[in-house]
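Structural characterization, general
Here's the letter readout for the chains.
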Amino acid sequence: MSTDNDRVLIVGAGQSGLAAAYAALEQGLRPVLLEASARAAGSWPHYYDSLTLFSPARYSSLPGLAFGGDGDRYPHRDEVVAYLERYAAALAGRGAEIRTGTRVTEVTEAGGDGFAVRLAGGGELTAPRLIAATGSFARPHRPALTGQDGFTGQILHAAGYRHPQQVAGRRVIVVGAGNSAVQIAYELADHARVTLASRAPIRFLPQRPLGRDVHHWFRLTGFDRLPLRRAERPPASRSSITAATGRRCARGGWSAGRCSPGWTAMR
């Protein structure tokens, strides 16, 4: 079985797959991106309607292409989708091959020649290099909870949430303390009775210390380049909660994945 020596197959054309394709081009390789959906934007078109990044635009771009516009704004989901599609077009202009509507069903070793990728509907591609960049959004983890079989209400994963009307007027518990959980809980507080439940106390940091977004200081101090084991243990904040009802938050309410006015949540 023959393969092109400079070809690299990339499964998934979200931000990780697109960034990998950029790196491959920089190394003189020929990336072929295989994206199951109809758009080279990964899962972003399917996230909830109000999703807003918690990092400013200037710190949210992929290598080789600035996000554009006001660098201090926090981009909306649809802006991210548009940016990723611009990025994909720029890669295609440099020679990357992007195949949308192409679902990979199996990857096997191709003897001593690298990898064989089988596609839904038939067809096979081979290459000496392969990068898996599919993410987990299409297959969200739903843990089995004690008493779940007897629960008569609705259990909804964040991957299936789109807008508040889905649960308007109901009692809702949002489990988790990541950015999506905090942002969804904040949005739902105007439409339902909401509790945010977390396993451990949430630690809060100012979103804009000394007038600049925290990502500016992360970059300036090199914090964003620390080994993960060190970055996971920032100093504990005196402001913490294990559960919050409605929009209550340390010195403000949750907004756009961060605690307003000017606080961000850390797990």
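Everything discussed here concerns the structure shown above.
One structure accompanies this document, and this report is about it.

Calculation rules
Residues numbered from 1 in each chain as written. Predicted model: local features only at pLDDT ≥ 70, side-chain atom pairs only at ≥ 80, totals over all residues. Heavy atoms only, no water. Phe/Tyr/Trp six-rings, centres within 6.5 Å; stacked < 30°, edge-to-face > 60°. Helix = DSSP H or I, 4+ residues; strand = E, 2+ residues; numbered from the N terminus. Buried < 20%, exposed > 50% of the residue type's maximum accessible area, 1.4 Å probe, protein only. Pairing = 2+ DSSP bridges. Right-handed = clockwise from strand over helix to strand, strands pointing away. Axes fitted to C-alpha atoms, helices over the stretch in contact; angles between N-to-C directions. Contact = heavy atoms within 4.5 Å.

A full pass over the atoms with the stated rule returns 7 aromatic pairs. Seen in terms of ring centroids, Tyr83 and Tyr87 are 6.0 Å apart; in terms of plane orientation they differ by 45°. Their pairing is tilted. Of this pair, Tyr83 and Tyr87 both sit in helix H2 (residues 77–93), 4 residues apart, which is roughly one turn of the helix. Tyr87 sits in the buried class, given a relative accessible area of 2%. Three or more aromatic residues link up through ring pairs in this structure, and these residues are Tyr22, Phe67, Tyr83 and Tyr87.

So, about the pairing of strand E2 (residues 30–34). The side chains of a regular strand alternate between both faces of the sheet. Of all 5 residues in E2, 4 are buried, a share of seventy percent or more. Judged from the 5 bridges that link them, strand E1 (residues 7–11) and E2 form a sheet pairing that is parallel. Each residue of the ladder has a partner; that of Val8, found in E2, is Pro31. Of the crossover connections in this fold, the one passing from E1 over helix H1 (residues 15–26) to the parallel E2 is right-handed. As for the winding sense of the linkage, the β-α-β connection from E2 through H2 to strand E3 (residues 97–99) is right-handed.

Strand pairing in a sheet relies on backbone hydrogen bonds. The paired strands run either parallel or antiparallel. The strand order across the open sheet built from 4 strands is E3-E2-E1-E7, with neighbouring strands paired in parallel fashion. Of all the strands in the sheet, just E3 and strand E7 (129–132) have a single pairing partner and so form its edges. With strand direction ignored, the average angle separating the axes of adjacent strands in the sheet is 15°. In this sheet, E7 lies alongside E1 in parallel orientation, the contact comprising 4 bridges. Pairing of Leu9 across the sheet is with Leu130, part of E7. Here H1 sits on the sheet and contacts E1, E2 and E7; the angle it forms with E2, its principal contact strand, is near 165°.

This part covers the sheet that holds strand E4 (residues 104–109). Taken together, 3 strands build an open sheet; the order of strands is E4-E5-E6 and the sheet is antiparallel. Two strands bound the open sheet, and with one partner strand each, they are E4 and strand E6 (124–127). Adjacent strand axes in the sheet meet at a mean angle of 20° when their direction is disregarded. Bridge count for E4 against strand E5 (residues 115–119) is 5 bridges, and the pairing is antiparallel. Bridge pairing in E5 links Val107 to Val117.

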